[in-house]
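These are the residues of each chain, in order.
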Amino acid sequence: MKNFALIGNPNSGKTTLFNSLTGSTAHVGNWPGVTVEKKEGVYKKLQEQVNIVDLPGIYSLSPYTPEEVVSRDYILNEKPDCVINIVDATNLERNLYLTTQVLEIDVPVVVALNMSDVVRKNGDKLDTKMLSEKLGVPVVEISALKSENLDELMKEAFKASNNKRQGKSVIEDKDLSHLIKDVEIAFKGKGVENPLFHAVKLVELDEIETKMHEDLLPMVEEFKKTFKNETFGSDFEAVVADARYNYISKNYASAYQANKNDAENDSPRKITKSDKIDKVLTHRIWAIPLFIVIMFFIFHFTFSEDLFFMGAMGLSIEPTNGFNAFLIRTFTGDLSTPTSELEALGGIPSLGVWLQSWMGTLTGSIMDGVSSLFALGGDAVLESWYASLVVDGLLNGLDAVLSFIPQILLLFLFIAILEDSGYMARVAFILDRAFRKFGLSGKAFIPMLTGFGCSVPAIMATRTLEDEKEKNRTIRLMTCFSCGAKAPIWTMLAAVGVLAGFNGGLFVFIIYLAGISMAIVYALFMKLLSKDQYVSPFIMELPAYHMPQARNVLALLWEKLKHYVIKAATIIAASLLVIWFLSNFRWAFWQGLCDIHDSMLADIGRVLGYFFWPLGFSQNQQYGWMYSVATVTGLVAKEDVVATLASLFGMAEGASEAEVGSQLIGISAAGVWSFAFYNLFTFPCFAAISAAHGEQSRKQFWITMAWWFVMSYVAALVIYWVGTLYSVAWWGGLLVTLALVGVVVSAGIVVANRTKRLAQAN
Amino acid sequence: MLRTLDTLEKGETGLVKSVAGEGRIRRRLFDMGVTPGAIIYLRKKAPLGDPVEITIRGYELSLRKEEAKMVTVEVAE
């Protein structure tokens, strides 16, 4: 099967073209060794099937970003049969810059001139024939959005793929092309493939090229001595980039004929519809309030159990009478929900919560179905180890994981709409200034906010961060944002807190606030600890606003869904089995099922108790180990912390968080705080851990794991001993607190000064 | 008059004269079309004053003042 590679700028319509060409055959993977996405699919409308590889959206074949390196290596090493270069016709000048580089490689190229319908609509004209002649490759006008001329494009590409093509440079400067020619001959002499491409890159002193062909460097330097350029001297990177743009402006001017009747057309001051939208959304004063409102609605629709606060405002619908009861039952999706619980809910749940409860009902009935299948075999089967394995071990845990799917998809739907419409780039633009103070880019905001809902989509959303280091930092900060599944823990602990003598209501609030504060402190420390103070550049295109494409959004959701389900079926299921085995068997496991108190996990809990001893919550002789075990089962799903404690303390199934909390014993007030902090900051659930595993390189993933552990341990340690000191002598606690705050603040000042010094040094 | 790009006010236009700095940031600027001879129009500043949004080669680009400092432009009096 022939391989066609799709290459082009971000926002050039590449994704739309890829989705139209490949339909449902597309599948996503990662390029080996890097976290850059690899999309492949099959095009079936030619005489033979063609494999289409979607290369990452890039502006240049420079060696500086993983996307650029991946694309470059793919074309050079995998030698696709044809490269389809998609070019945004409404932005020819910058788009053709990449084209001039692709043309230097010895590979058949076809240029797809996208959005030609928009150009025509504006009354402008494209001289395709002239462009094709100048570039020396076929040029086809298409509209990826309206699927216009796609078959034509593929026919041209297929035709082109049957012939060999020699690389060609657009650099016209005499001295420069002479120099490149000489280096090219040297490459040819060495028998290197794509001599022209390598020659140009070596002349530019490209990082990768100079490493690969060190032997040719002295020769290049020798050639360069004879070269003189008035503007740039011997700065060849500038000389080459300038030559490319010169060539483009010269030829582009005649290929694109703007509508003559519209004199303002070419002026940068022209006001388009997109500009009008932008005026409001990035307004000097309104931009930030508007952004907060948009975020609020997204999260409200996804996670709120009381839509528009109707319940809180006393507008709840009476669940007992006729249609309203039907409505509520439909909305909660759970026909067995008792009336009292509905009343507790107050108003109508949001779409996300409603979908989640439907999903819960669905997975719940699957579980019920499976257990009743086992029940058919009588009590012996129902109490057997295999029934326990399937029901308690696998289904219970998967139920917790899978029931989040609707909310995750809904959140991704909103994020995809923001992304596709062009607003996301503006969010980064608005927030960058504030975030940079903490060594993060403005783009880190969305993943962090998502983290309050669920860490899994949040970690997956870090994919939008270009810089590897910022991405790793953002993932590490994720546990600071208390996810939805951790909320029951705080409710439970607040109830314990009442017994221990502090205000339970404030407790939950303080936990959320502490998480955010610690995120800021952690971010500052990561900045302090990092070897170089390099901040990734923020040189970003702000694409024109447009309507999000339903097809693109759906394709993205389908991808996320597949990704999530595959993870649930593999790594998460495996982890669930291990925990099940440990919590249901003695060390002499052949003796059959046992009570969790006698299980291996209980013993592990007792050993872990020593390990957690400095953190305070495991110090009680009789009960301490139970808290240690709960932190371990929290890895399956954070809700399991409460469930485990309930079962360990011998409570009936279905006990509410407050009931569980009021019966917990063997823990001091400081221990409660320490337990809370440990659970807040430590490893997220398996689903989130596997998401981090998918997003990070192996080394960075293990650093993340270590970070989560060390930071939660240290935070809990400090809070326990300071808290204990408070209960002995409040002034002692206060002194230590002030001292700690002082240390953190001075560390912050050190960071600020260091950054300033480095900035001045530059 | 020669000025660096970060000193441009909203609505001003300049002609790129040179790009300082080195390595990846400079290369990125070149790749995005910020090369000598290009015309830059400063569209707006972000609500917090930084980054800025410019129009160059027919599209919108945002960059921080820190990066804009490296670009010298000629502004008509």
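Residue numbers here run from 1 along each chain, matching the order of that chain's written sequence. To label them, take the chains in the order written and letter them from A, then take the ligands in the order written and number them from 1. pLDDT decides what is reported in this predicted model: residues at 70 or higher carry local features, side-chain atom pairs at 80 or more are listed and counted, and totals for whole chains, interfaces and linings draw on all residues regardless. To get the side-chain values, all heavy atoms of the structure are used, and hydrogens and water are removed first.

Overview of the overall build of chain B
Consideration 1: Only DSSP runs of H or I reaching four residues or more are called helices, and only runs of E reaching two or more are called strands; each is numbered from the N terminus. Summing up its helical and strand segments, chain B has 2 helices and 6 strands in all.
Consideration 2: For chain B, the α and β elements follow one another from N to C terminus as β-β-α-β-β-β-α-β.
Consideration 3: For chain B, restricting intrachain contacts to residue pairs at least 6 apart in sequence, the fraction spanning at least 24 positions comes to 57%. Whether two residues are in contact is decided by their heavy atoms, any of which lying within 4.5 Å being enough.

Observations concerning the overall build of chain A
Consideration 1: Secondary structure assignment for chain A yields 34 helices and 10 strands.
Consideration 2: Put simply, of all contacts in chain A between residues at least 6 apart along the chain, 71% involve residues at least 24 apart.
Consideration 3: For chain A, the accessible surface area stands at approximately 34400 Å², while carbon and sulfur atoms represent 63% of it. To be clear on the numbers: accessible area is Shrake-Rupley with a 1.4 Å probe, and residue cover counts the displayed protein chains and nothing else.

Some thoughts on a nonpolar patch on the surface
Residues and elements named next belong to chain A.
Consideration 1: Judged by side-chain polarity, Val710, Val714, Val718, Leu725, Tyr726, Trp730, Trp731, Leu734, Leu735, Val736, Leu738 and Leu740 come together as a nonpolar surface patch covering roughly 1100 Å² of accessible area.
Consideration 2: Listing elements by their share of the nonpolar patch, those giving two or more residues are helix H33 (698-728) and helix H34 (730-761).
Consideration 3: When residues in the nonpolar patch are grouped by element, the largest group, 7 residues, is from H34.
Consideration 4: The residue Val710 is located in helix H33 in this model. Excluding any residue in a salt bridge, patches collect residues exceeding 30% relative accessible area, merging like charges within 9 Å and nonpolar Val, Leu, Ile, Met, Phe, Trp and Tyr side chains within 5 Å. In the sections that follow, a salt bridge refers to a side-chain nitrogen of Lys or Arg positioned within 4 Å of a carboxyl oxygen of Asp or Glu.

Quick look at the pattern of salt bridges
Consideration 1: Considering all chains together, one arrives at 35 salt bridges over all chains under this definition.
Consideration 2: Here Glu541 of chain A and Arg94 of chain A are joined by a salt bridge, their closest N and O atoms 3.3 Å apart. Taken as a pair, Glu541 of chain A in strand E10 (residues 540-541) and Arg94 of chain A in helix H3 (residues 92-102) lie far apart in primary sequence, 447 residues in all. The same class applies to Glu541 of chain A and to Arg94 of chain A, which are both buried.
Consideration 3: Arg436 of chain A is paired through a salt bridge with Asp50 of chain B; the nearest N and O atoms lie 2.7 Å apart. In this pair, Arg436 of chain A sits in helix H20 (residues 423-436) while Asp50 of chain B sits in the loop between strand E3 (39-45) and strand E4 (52-56), so the two residues belong to two different chains.
Consideration 4: Each of the salt bridges in this network shares a partner with another, and the network as a whole consists of Asp275, Asp278 and Arg426 of chain A together with Arg43, Lys44, Glu53 and Glu60 of chain B. Exposure is judged per residue with a 1.4 Å probe applied to protein chains only, and the accessible area is read against the type maximum: over 50% gives exposed, under 20% gives buried, and values in between give partly exposed.

Focus on the environment of Asp173 of chain A
Residues and elements named next belong to chain A.
Consideration 1: Relative to the helices and strands, Asp173 resides in the loop between helix H6 (150-161) and helix H7 (174-190).
Consideration 2: Residues Asp173 and Val239, 66 residues apart in the sequence, show an inter-C-alpha distance of 9.6 Å.
Consideration 3: Only 3.1 Å separates the side chain of Asp173 from the backbone nitrogen of Asp175, close enough to count as a polar contact.
Consideration 4: Within the structure, the side chain of Asp173 is placed 2.9 Å from the backbone nitrogen of Leu176, a separation counted as a polar contact. Here a polar contact means two N or O atoms within 3.5 Å. Within protein one must be a hydrogen donor candidate and the other an acceptor candidate, and residues neighboring in sequence count only if both atoms are side-chain atoms.

Some remarks on the interface of chain B and chain A
Consideration 1: Contact residues are listed per partner, giving 37 residues for chain B and 46 residues for chain A.
Consideration 2: Summing both partners gives a buried area of about 3900 Å² for chain B against chain A, and 53% of it is carried by carbon and sulfur.
Consideration 3: Linking chain B with chain A are 8 salt bridges, by the criterion used here.
Consideration 4: A salt bridge links Glu237 of chain A to Arg27 of chain B; the nearest nitrogen and oxygen atoms lie 3.5 Å apart.
Consideration 5: Along the contact surface separating chain B from chain A lie 20 residue pairs in polar contact (both at pLDDT 80 or more).
Consideration 6: If you list the elements that add at least two residues to the side of chain B that touches chain A, you get helix H1 (23-31), E3, E4, strand E5 (59-63) and helix H2 (65-68) of chain B.
Consideration 7: Sort the elements by how many residues they give to the side of chain B that touches chain A and H1 of chain B lands first, with 9 residues. What gets called buried area is simply the loss in accessible area from a 1.4 Å probe that two parts show on being joined, summed for both.

Quick notes on the nonpolar core
Consideration 1: To define a nonpolar core, start from buried Ala, Val, Leu, Ile, Met, Phe, Trp, Tyr and Cys residues and group those joined through side-chain atoms within 4.5 Å. One finds Leu493, Leu645 and Phe675 of chain A to be the most contacted residues of the largest nonpolar core, which totals 109 residues.
Consideration 2: Three or more residues apiece are contributed to this core by two domains, here domain 3 (271-278 + 439-728) and domain 4 (287-406) of chain A.
Consideration 3: Those residues in contact with Leu493 of chain A, other than ones at most four positions away along the chain, are Phe507, Val672, Phe675 and Ala676 of chain A.
Consideration 4: Counting 66 residues, the second-largest nonpolar core is a separate cluster that includes Ala89, Val107 and Phe197 of chain A together with Leu42 of chain B. Domain start and stop positions are those given by an automatic or database domain assignment.

Concerning the packing of aromatic side chains
Consideration 1: Two aromatic rings, drawn from Phe, Tyr or Trp (for Trp, its six-membered ring), form a pair once their centres lie within 6.5 Å of each other, and the interplanar angle then sorts them: stacked below 30 degrees, edge-to-face above 60, tilted otherwise. Taken as a whole, this structure holds 28 aromatic pairs over all chains when the rule is applied.
Consideration 2: Pairing Phe611 of chain A with Phe709 of chain A gives two aromatic rings, centres 5.7 Å apart and planes at 15 degrees, and the pair type is stacked. Residue Phe611 of chain A is found in helix H27 (residues 600-612), and its partner Phe709 of chain A is found in helix H33; the two are separated by 98 residues along the sequence.
Consideration 3: A relative accessible area of 37% places Phe611 of chain A in the partly exposed class.
Consideration 4: Among the aromatic residues, ring-to-ring pairing joins Phe611, Phe612, Phe617, Tyr627, Phe675, Tyr678, Phe683, Phe709 and Tyr713 of chain A into one connected group.
Consideration 5: A cation over a ring is seen here: Arg94 of chain A above Tyr59 of chain B, with NZ or CZ 4.1 Å from the ring centre. Charge over a ring is defined by NZ of Lys or CZ of Arg lying within 6 Å of the ring centre and within 35 degrees of the ring normal.

Some points on the pairing of strand E1 (residues 2-8) of chain A
The side chains of a regular strand alternate between both faces of the sheet.
Residues and elements named next belong to chain A.
Consideration 1: Counting buried residues in E1 gives 6 out of 7 residues, a clear majority hidden from the surface.
Consideration 2: A pair of strands is treated as paired once DSSP finds two or more bridges between them. Sheet topology places E1 next to strand E4 (residues 50-54); 5 bridges connect them, and they run parallel. For Leu6, the partnering residue across the bridge sits in E4 and is Asp54.
Consideration 3: Pairing of E1 with strand E5 (residues 82-88) involves 5 bridges; the strand directions are parallel. The partner of Ala5 across the bridge, within E5, is Val83.

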